[in-house]
Amino acid sequence: MLRQRMRARRRTVIVLCALAMTPSVFSAQAAPVDAGPDVAQRGCTAMAARVDSVAGSGPLLLRSYDGATGDGATDEPSQKTAAYSYDNALAAIALLACGKPQQALRIGAALRLAALDGARLRNAYRAGAVSGKPLANGWWDVQGNHWAEDPQQQGSATGNVAWAGLALLDLYAQTGERQWLDAALRLAAWIVAQTADTRGAGGFSGGVEGDDVHSRKVAWKSTEHNVDAAALFDRLAVLDKDGDWSRHAAAARHFVQSEWDAASGHFFVGTQPDGVAQNRTTSGLDAQLWPLLLAQAPKDWQRALGYVEREHGVDGGFDFNADRDGLWLEGTAQAALAYRMAGAGGQAQNLLATIARQFAPSGYVYATREPRITTGLALSAQSTSADFYYYRLPHLGATAWAVLAALGHNPFAAPRKPAAQPKSSRQPRDP
């Protein structure tokens, strides 16, 4: 026990020394107040209420951007009914951590149907009740007078597939029912079969873009995606002794390690389309933080927290990229969890206090504080510019990450037992 405390203290010292050099995010703030219980209660209640608003007890997927008129309802046709697989996987994981298994099971049941339907799980589906199989998201294009679907939503990003697998494994841990493990195994097998890559440092490429008729393999490799794959494979290595999951996990981890730049103390976001040359043109916050959540992550990687302070820090939290044009709430919640896991609880509490002030009246956490922020990334290989933006809209993914940070729940780790319902100073408002 004493040895464990000493190790925890050393981790904290490493983190605090890095932060001391760049105090901009935290120096202007008062002593941290524990906003965690409030953030957890509000986020858990909002997500559970969205599930319960769909009649019955069957499978469903939640809208990713779900605000009411006046607090951020999107008018973008492609997003009005979009249920991103990543956001819904996060919601299922977070609802289990909230102690709301019935709501998590309804989302998980839809993800399971998506995993079993056709050749691959898509990046997004149509939100709402699911009967038989999830439907492709689409909308009527008034100007073109035709039904439209977004090729990016029809694609299958490696990281999104891995996150769905992680949610299914949490449901397996919750219920002990083999159907959840089998679906997760199917998703993991798709990642290996379709994205395993031998170029450069190996690892796994970005997945597939487009619908089935116009699909094409993604050539670049992502640090973030390989972190997600490593987390999934790590857990499968424990659950499925007949698979070769330890080897696949090692391949993904090797790629992540190859993207670590010890000189600057940060991760490159991945490679160029040749699968070898590192993409040094932009910096992604999640690519810095998620590796720290992996089991047995090297201690040296903790220096990435100092890097994000210097390069991503804005008033109260963090931006997605290094242009620091606004606050990205989803990433700020990820940072709060990373600080908490590293033993820097005060920094985590300051970030949670920021998040607590960014709930929309309709219940979700906003994606951004500013009207729009850049990411420095393109939506697809066909994009001619960095056209991926986040907007000030109530966001399911940001809300789920806020809950995970508030509860100190690492989504990459196997849950040991069903979590207790979070307590809050507010009166419960369960539906």
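Scroll up for the structure.
Novice: For the overall build of the chain, give the residues involved together with the corresponding values.
Specialist: For the chain, the count of helices and strands is 15 helices and 17 strands. Buried positions account for 55% of the 431 residues belonging to the chain. Within the chain, counting contacts between residues at least 6 apart in sequence, those at least 24 apart form 69% of the total. When the accessible area of the chain is evaluated, it comes to approximately 17,700 Å², of which 53% is carbon and sulfur surface.

Novice: Please give an account of unusual backbone geometry that cites residues and values.
Specialist: Phi is positive for Asn145, which is not a glycine, with a value near 55°. By the element assignment, Asn145 lies in the loop between strand S5 (139-141) and strand S6 (146-148). Classification of Asn145 by relative accessible area gives exposed; the value is 55%.

Novice: Help me get a handle on the nonpolar core, residues and values and all.
Specialist: Counting 121 residues, the largest nonpolar core has Met47, Ile107, Trp163, Phe233, Tyr339, Trp401 and Phe412 as the members making the most contacts within it. The dominant element in this core, judged by the number of residues it contributes, is helix H4 (residues 85-98), at eleven residues. When neighbours within four sequence positions are excluded, Phe412 is seen to be in contact with Trp163, Leu166, Val227, Asp228, Ala231, Arg235, Trp290, Leu293 and Leu294.

Novice: A description of the sheet that holds strand S9 (residues 216-221) should follow, citing residues and the corresponding values.
Specialist: Judged by pairing direction, the sheet is antiparallel, and its three strands sit side by side in the order S7-S8-S9 without closing on themselves. The strands lining the two open edges of the sheet, one partner per strand, are strand S7 (156-157) and S9. In this sheet, S9 lies alongside strand S8 (residues 205-209) in antiparallel orientation, the contact comprising four bridges. Bridge pairing in S9 places Glu209 opposite Arg216.

Novice: Quick one: what's the story with the state of the cysteines, residue by residue and with numbers?
Specialist: Using the criterion set out here, one finds one disulfide in the structure. Between the sulfur atoms of Cys44 and its disulfide partner Cys98 the distance amounts to 1.9 Å. Torsion about the S-S bond of the Cys44 and Cys98 cystine: about -85°, corresponding to left-handed handedness. On the criterion of sequence distance, the pair formed by Cys44 in helix H2 (residues 36-52) and Cys98 in helix H4 is long-range, its members being 54 residues apart. The same class applies to Cys44 as to Cys98, namely buried.

Novice: So, the pattern of salt bridges: which residues are in play, and what are the values?
Specialist: Scanning the entire structure with this criterion turns up 14 salt bridges. The partner of Asp182 in a salt bridge is Arg178, and the shortest N-O contact between them spans 2.6 Å. Note that Asp182 and Arg178 are positioned in helix H8 (residues 178-195) at a spacing of four residues, about one turn of the helix. Residue Asp182 is classed as partly exposed on the basis of its relative accessible area of 37%. For Arg178, a relative accessible area of 47% corresponds to the partly exposed category. One salt bridge connects Arg253 with Asp234, and the closest N-O pair in it is separated by 2.6 Å. In this pair, Arg253 sits in helix H10 (residues 245-258) while Asp234 sits in helix H9 (residues 223-239), placing the two residues 19 residues apart along the sequence. Within this structure, Arg50, Arg63 and Asp66 form a network of salt bridges that share partners.

Conventions we followed
- Residues numbered from 1 in each chain as written.
- Predicted model: local features only at pLDDT ≥ 70, side-chain atom pairs only at ≥ 80, totals over all residues.
- Heavy atoms only, no water.
- Helix = DSSP H or I, 4+ residues; strand = E, 2+ residues; numbered from the N terminus.
- Buried < 20%, exposed > 50% of the residue type's maximum accessible area, 1.4 Å probe, protein only.
- Contact = heavy atoms within 4.5 Å.
- Areas by Shrake-Rupley, 256 points an atom, 1.4 Å probe, with all protein chains shown as cover.
- Core = buried A, V, L, I, M, F, W, Y, C linked by side-chain atoms within 4.5 Å.
- Pairing = 2+ DSSP bridges.
- Disulfide = S-S within 2.5 Å.
- Salt bridge = Lys/Arg side-chain N within 4 Å of Asp/Glu carboxyl O.

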